[in-house]
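# A look at the structure
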Amino acid sequence: LNKMEKKKVLLMGKSGSGKSSMRNIIFSNYRAKDVRRLGATIDVEHSNIKFLGNLTLNLWDCGGQDAFTGTYLTTQKSHVFSNVGVLIYVFDVESRSFDRDLATYTSITNALAEFSPSADVFALVHKIDLVNPEFRVKVVANREAAIQEASGPFAKSLKVFGTSIWDQSLYKAWGSIVNSLIPNLDVMERYLWGLMGETKAEEITLFEKATFLAVMKVTSEIGKKNPYPDRDEKMSNIIKTFKASLAKFTGDTAGPDFCEKFCISAPKFALIIEELTKNTYVMVVLPPGEAEANCARLN
Ligand code: GTP
Ligand code: MG
């Protein structure tokens, strides 16, 4: 029995903080500019999302208006908070009532502690694009400290990310969230290290096909010195936006299959993106040279 099949993922936070926006961008081929037409979520929107082929992500997008939050914490408490694998709590960075947001968050984590004490908690400081780039790191650090203090028993394991639908930060956070739900990741990791041994790869990243989220990464000693540590989430962002644009163009809401192969030969590196299994793509970063790239491809 795996964690993803059985347990649910709760997406919570104040109304207008951006929960449904991120859900539709990550899982339904919306582009960032498409989310403005979303209305407020009434009650809970349930979705069962197929992931890595045979896993199902049971996502509960919980409308954040006060009246709904009130029922989650009273009449629907055990229904909402039992059997939770992950809670994702979204804070709007522009909120003028951060103290009140924190108080609600504390009520939510208390309910979670009561019904699903082993859940993982992720807090997203969202709409970070609205903060001057110079101050972003500092703002997230400040909020993180306050959120941690309000997290009760989850304070130690809490993970906080600054996110925006307008850049790759959204993909970094969601990659990490999804990663915490996948069983047998160690098997995949061993396989990638094996592939690394057979090739001269410096980095190998595994992407889930439908979402193009990076679910696993291995890096060699040489690879650790490579620039651009945010390469994976940038790639997720670029390819997802490309797919969503194609979907818009063709009218195919599920999005067309992205089945291109890329091989880039640059003076300082080579890079391959290719389908690995039915549900994954692999990205391999190699030293420059056609021979290495061809060898890696065969392997
Ligand atoms: P409820 O369903 O009422 O709980 O709200 P919600 O959390 O689902 O909010 P929703 O996703 O509907 O987003 C509200 C608004 O926030 C949308 O109009 C988006 O355009 C905007 N928004 C979402 N994410 C971002 C972001 O990263 N940056 C900025 N600037 N705006 C965002
Ligand atoms: Mg919503």
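This text follows the structure it describes.
Attention in this report is confined to the structure presented alongside it. (Residues numbered from 1 in each chain as written. Chains lettered and ligands numbered in written order. Predicted model: local features only at pLDDT ≥ 70, side-chain atom pairs only at ≥ 80, totals over all residues. Heavy atoms only, no water.)

### Digging into the pairing of strand 11 (residues 280–286)
With seven of seven residues buried, strand 11 is to be regarded as a mostly interior element. Residues Thr280, Val282, Val284 and Leu286 point to one face of strand 11 and Tyr281, Met283 and Val285 to the other, with burial holding for every one of them. Of the strand pairs in this sheet, strand 7 (residues 203–208) and strand 11 are connected by six bridges, and their pairing is antiparallel. Each residue of the ladder has a partner; that of threonine 205, found in strand 11, is methionine 283. Sheet topology places strand 10 (residues 270–277) next to strand 11; seven bridges connect them, and they run antiparallel. (Buried < 20%, exposed > 50% of the residue type's maximum accessible area, 1.4 Å probe, protein only. Helix = DSSP H or I, 4+ residues; strand = E, 2+ residues; numbered from the N terminus. Pairing = 2+ DSSP bridges.)

### Looking at the coordination of the magnesium ion (ligand 2)
Taken together, Ser20 (OG) and Thr41 (OG1) make up the full set of protein donors to the magnesium ion (ligand 2), lying 2.0 to 2.1 Å away. You can see serine 20 sitting in helix 2 (residues 19–27) and its partner threonine 41 sitting in the loop between helix 2 and strand 2 (44–51), a full 21 residues away along the chain. (Donors = N, O, S within 2.8 Å, 3.2 Å for Na, K, Ca; no water.)

### Here's the deal with the nonpolar core
Among the nonpolar cores identified, the biggest contains 47 residues, and Trp174 and Ile204 are the most heavily contacted of them. Broken down by element, the residue count for this core peaks at six residues, all from helix 7 (residues 169–179). With near-sequence residues (within four places) excluded, tryptophan 174 lies in contact with Leu11, Met22, Ile26, Phe27, Ile88, Leu124 and Leu213. Counting residues in hydrophobic clusters, the runner-up holds 33 residues, among them Val44, Cys62, Phe68 and Tyr105. (Core = buried A, V, L, I, M, F, W, Y, C linked by side-chain atoms within 4.5 Å. Contact = heavy atoms within 4.5 Å.)

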